[in-house]
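As a plain string of letters, each chain reads:
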Amino acid sequence: VKPQLVGVIERFVRSTMSDDSRGAHAFEHAQRVRQLCLLIGRQEGADLEVLEAAALLHDIGRPQETATGVSHAQVGAEMAARFLGTTAFPLAKVAQVAGAIRTHRFSEKLTPDSLEGQILGDSDKLDAMGAVGLARTIEESLARKRGFEGMLEHVSGKLLNLRDRMYTSTARRLAGPRHDFLVHFMRQLAQEYVALGAKLPSVLGPFAKPEGKHE
Ligand SMILES: [Fe+2]
Ligand SMILES: [Fe+2]
């Protein structure tokens, strides 16, 4: 995507997000997903123009989801298609961008039907892993008042499953160290509890053993 058009898309993305720190974090997430998409897309021989637009726009439906409960993947796909139609973005590729956004949400179990959709999903999952993913989880858990155990349950029950759900081999490779970091964090935490003789939160149980199932 030409730099000028990227600027236009970025301004639109910002306009859909709140001005507070949540909006800022959402924008930073979109930028990281964009970089991941370009990195993976180059390796996998994907359409980088489609990927870059889809990455920047993939979560624009979030505020609507909060307001109406309709999935932000569905709403966002429609919003993105309408918006791109008003720009210099190639009309023939708008449907591909919308399709990738529609299927980006892993928890909805919609399988992407294009390489670009797979890479967008992979990039979104990668940004939920590793140090970035842990920092985002802590932040989200505070905002949603999930509590400390709720935060750990999210790491254990959701984030540690992501590595084995990557579509592309490039993403699978990038996921390895991010996964290992999360496992290391959980093990270290468990060890600190054990060393103090403190009662282990149940979610940390599997990580207190030398060889965990999360290897
Ligand atoms: Fe999303
Ligand atoms: Fe996302």
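Just above, that's the structure.
In this report, the structure presented in the accompanying data block is examined. (Residues numbered from 1 in each chain as written. Chains lettered and ligands numbered in written order. Predicted model: local features only at pLDDT ≥ 70, side-chain atom pairs only at ≥ 80, totals over all residues. Heavy atoms only, no water.)

### Examining the coordination of the iron ion (ligand 1)
Each pair of donors in an ideal octahedron of six around a metal sits at 90 or 180 degrees, and each pair in an ideal tetrahedron of four sits at 109.5 degrees.
No. 1: Distances from the iron ion (ligand 1) to its protein donors, namely Asp59 (OD), His72 (NE2) and His104 (NE2), fall within the range 2.1 to 2.2 Å.
No. 2: One chain supplies every donor for the iron ion (ligand 1), spaced along it as D-x12-H-x31-H.
No. 3: The metal-metal distance between the iron ion (ligand 1) and the iron ion (ligand 2) comes to 3.5 Å, with aspartate 59 coordinating both. Of this pair, aspartate 59 sits in the loop between α3 (48-57) and α4 (62-68) while histidine 72 sits in helix α5 (residues 72-84); the two residues are 13 residues apart in sequence, bridging distant segments of the chain. Accessibility assignment for this pair places aspartate 59 and histidine 72 in one class, buried. (Donors = N, O, S within 2.8 Å, 3.2 Å for Na, K, Ca; no water. Helix = DSSP H or I, 4+ residues; strand = E, 2+ residues; numbered from the N terminus. Buried < 20%, exposed > 50% of the residue type's maximum accessible area, 1.4 Å probe, protein only.)

### Some thoughts on the coordination of the iron ion (ligand 2)
No. 1: Those protein atoms acting as donors to the iron ion (ligand 2) are His29 (NE2), His58 (NE2), Asp59 (OD) and Asp124 (OD), and they sit at 2.2 to 2.3 Å.
No. 2: What the four donor atoms of the iron ion (ligand 2) show is an angle range of 82 to 172° at the metal, which sorts the shape as irregular.
No. 3: Sequence spacing of the donor residues for the iron ion (ligand 2), all on one chain, is H-x28-H-D-x64-D. (Tetrahedral: all angles 85-135°; square planar, octahedral: opposite > 155°, others 65-115°.)

### A closer look at the side chain of arginine 34
No. 1: If you trace the backbone, arginine 34 turns up in helix α2 (residues 21-44).
No. 2: Given the relative accessible area of 13%, arginine 34 is considered buried.
No. 3: Setting aside chain neighbours within four positions, we find arginine 34 in contact with Val6, Glu10, Glu52, Ala55 and Leu56. (Contact = heavy atoms within 4.5 Å.)

### Description of empty space enclosed by the protein
No. 1: Scanning the model with the defined rule gives one cavity of 30 Å³ or more in all.
No. 2: Looking at the largest cavity, the residues that line it are Thr103, His104, Arg105, Phe106, Leu110, Pro112, Gly121, Lys125 and Tyr167.
No. 3: Of the residues in the lining of the largest cavity, the class split is four nonpolar, three polar and two charged. (1 Å grid on protein atoms, 1.4 Å probe; cavity = no way out; pocket = protein on both sides within 12 Å on 5 of 7 lines; lining within 4 Å. Points joined across faces, edges and corners; volume = space filled by probe spheres on them. Nonpolar A, V, L, I, M, F, W, Y, C, P; charged D, E, K, R; others polar.)

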